Amino acid sequence: MILFKEAAALSGYLEKQQKKGVSIGFVPTMGALHQGHITLVTASTENTGLTVCSIFVNPTQFNDPADFKKYPITIEKDLKMLSDAGADVVFLPDVKEIYPDGLEKVRTYSLGHLETILEGKYRPGHFQGVCQVVHRLLEIVSPDILFMGQKDYQQCMVVQHLIDLYAIPTRLVKCSTIREESGLAMSSRNMRLSDTERQKAAEIYRTLQYVEQSILPGDLADIKGKAIDRLINAGFRVDYLEICDANNLNIIETWDGKSPLVTLTAAFLGDVRLIDNLVIIHS
Ligand code: PAF
């Protein structure tokens, strides 16, 4: 596994590989890796000739500076996990490699309604930050395939929007959410939960399953209310729980029984904010 800290050196190396006909897979991360990330790396090693993984805790996507400060850093463990998983290249840039013109001079992106709903509404500026870092990383790595986790459903949509907006010649592959045995979606933030909280946190997935199993065509206010009450009764502070069109994330108030749906939620357990979603498969 080769380690790069400088963008120009990494781009030069990858350009040579691409000229030889090697296809590049890319897994961007903020470190604090878990099995969910490793599944993305495995998807890349199985489908491309060379797998690049980046570790960079991106300051511009944290709307809450305290959250940025608390973000777990486990670099030695991360590198071992990536090497064991068969990653070929790791990119470990510092801030000036990603933001050469400084953090004040950043691009802005036209993201439409994706920026004003769900995560966009509760974390103002978050998706601008995600686009800034992902756009820059895509320029540096020029991957054939970008692998991202469906746990961040809205982020995947934003990144697809970015790819379309700039006609970036990269295919986005969304990989399924990896869950603990309890159903809790794997996340770097889970490291900040106590054992008891970790068990409690599995109620998020049970609530999403409850919506999937109980939903009927018609007005969705009642089922949404019941799902939110379940989370509150289990000790969560709920930012949102919404049932949306799975293709465009428009919030659905009345369901026709046909359009594909996804339930998405964000809720705090103590001071840890967790997100999850479940696509509703119906016949
Ligand atoms: O999902 C993440 O870990 C981050 O948002 C990403 C895509 C690595 C950008 O910093």
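Structure's up top.
Let me sum up the structure you'll find in this document.

Basis of the calculations
- The numbers attached to residues start from 1 for each chain and follow its sequence in the written order.
- Per-residue local features of the predicted model are confined to residues with pLDDT of at least 70, and side-chain atom pairs are confined, for both listing and counting, to 80 or more; whole-chain, interface and lining totals are unaffected and use all residues.
- Here the side-chain values reflect all heavy atoms present in the structure, with hydrogen atoms and water set aside.
- Helix and strand definitions follow DSSP, with helices as H or I runs of at least four residues and strands as E runs of at least two, each counted in order from the N terminus.
- We compute the radius of gyration from the C-alpha atoms alone; for a globule the expected value is 2.2 Å times N to the 0.38, where N is the number of residues.
- Whether a residue is buried, partly exposed or exposed follows from its accessible area with a 1.4 Å probe, protein chains only, as a fraction of its type maximum: under 20%, in between, or over 50%, in that order.
- We call two residues in contact whenever any of their non-hydrogen atoms come within 4.5 Å of each other.
- Using a 1.4 Å probe, accessible areas were evaluated by the Shrake-Rupley method; residue-level cover was limited to the displayed protein chains.
- Here, any two strands with at least 2 DSSP bridges between them count as paired.
- Orient the strands so they point away from the viewer, and a crossover whose first-strand-to-second-strand path over the helix runs clockwise is right-handed.
- Only C-alpha atoms enter the line fits that serve as axes; for helices the fit covers just the stretch in contact. Angles between N-to-C directions range over 0 to 180 degrees.

Observations concerning the overall build of the chain
Turning to step 1, where the next piece is worked out: Secondary structure assignment for the chain yields 11 helices and 11 strands.
Turning to step 2, where the next piece is worked out: Over its C-alpha atoms the chain spans a radius of gyration of 19 Å, differing by no more than 12% from the 19 Å that the globule rule assigns to 283 residues.
Turning to step 3, where the next piece is worked out: Overall, the C-alpha framework of the chain stretches about 55 × 40 × 40 Å when taken along its three principal axes.
Turning to step 4, where the next piece is worked out: Going through the 283 residues of the chain one by one, you find that 52% of them count as buried.
Turning to step 5, where the next piece is worked out: Within the chain, contacts between residues at least 6 apart in sequence are counted, and of these 71% link residues at least 24 apart.
Turning to step 6, where the next piece is worked out: Working note: accessible area of the chain is about 13000 Å², and carbon and sulfur atoms make up 51% of it.

Points about the pairing of strand β6 (residues 171-175)
Turning to step 1, where the next piece is worked out: One ladder, built from 5 bridges, connects strand β5 (residues 145-149) with β6; its direction is parallel. By the bridge assignment, Ile145 is partnered in β6 with Arg171.
Turning to step 2, where the next piece is worked out: Between the parallel pair β5 and β6, the chain is carried across by helix α8 (residues 153-165), and the sense of this crossover is right-handed.

Structural notes on the sheet that holds strand β3 (residues 50-55)
Turning to step 1, where the next piece is worked out: On the basis of which strands lie adjacent, the open sheet formed by 6 strands has the order β1-β4-β3-β2-β5-β6 and parallel pairing. Each edge of the sheet is formed by a strand with only one pairing partner; in this case those strands are β1 (2-4) and β6. Between one strand axis and the next, the sheet turns through 25° on average, direction left out of account.
Turning to step 2, where the next piece is worked out: The strands touched by helix α2 (residues 35-47) are β2 (24-29), β3, β5 and β6; relative to β5, the strand with the most contacts, the crossing angle is about 155°.
Turning to step 3, where the next piece is worked out: Strand contacts of helix α4 (residues 75-85): β1, β3 and β4 (89-91), with the helix running at about 170° to β3, the strand carrying the most contacts.

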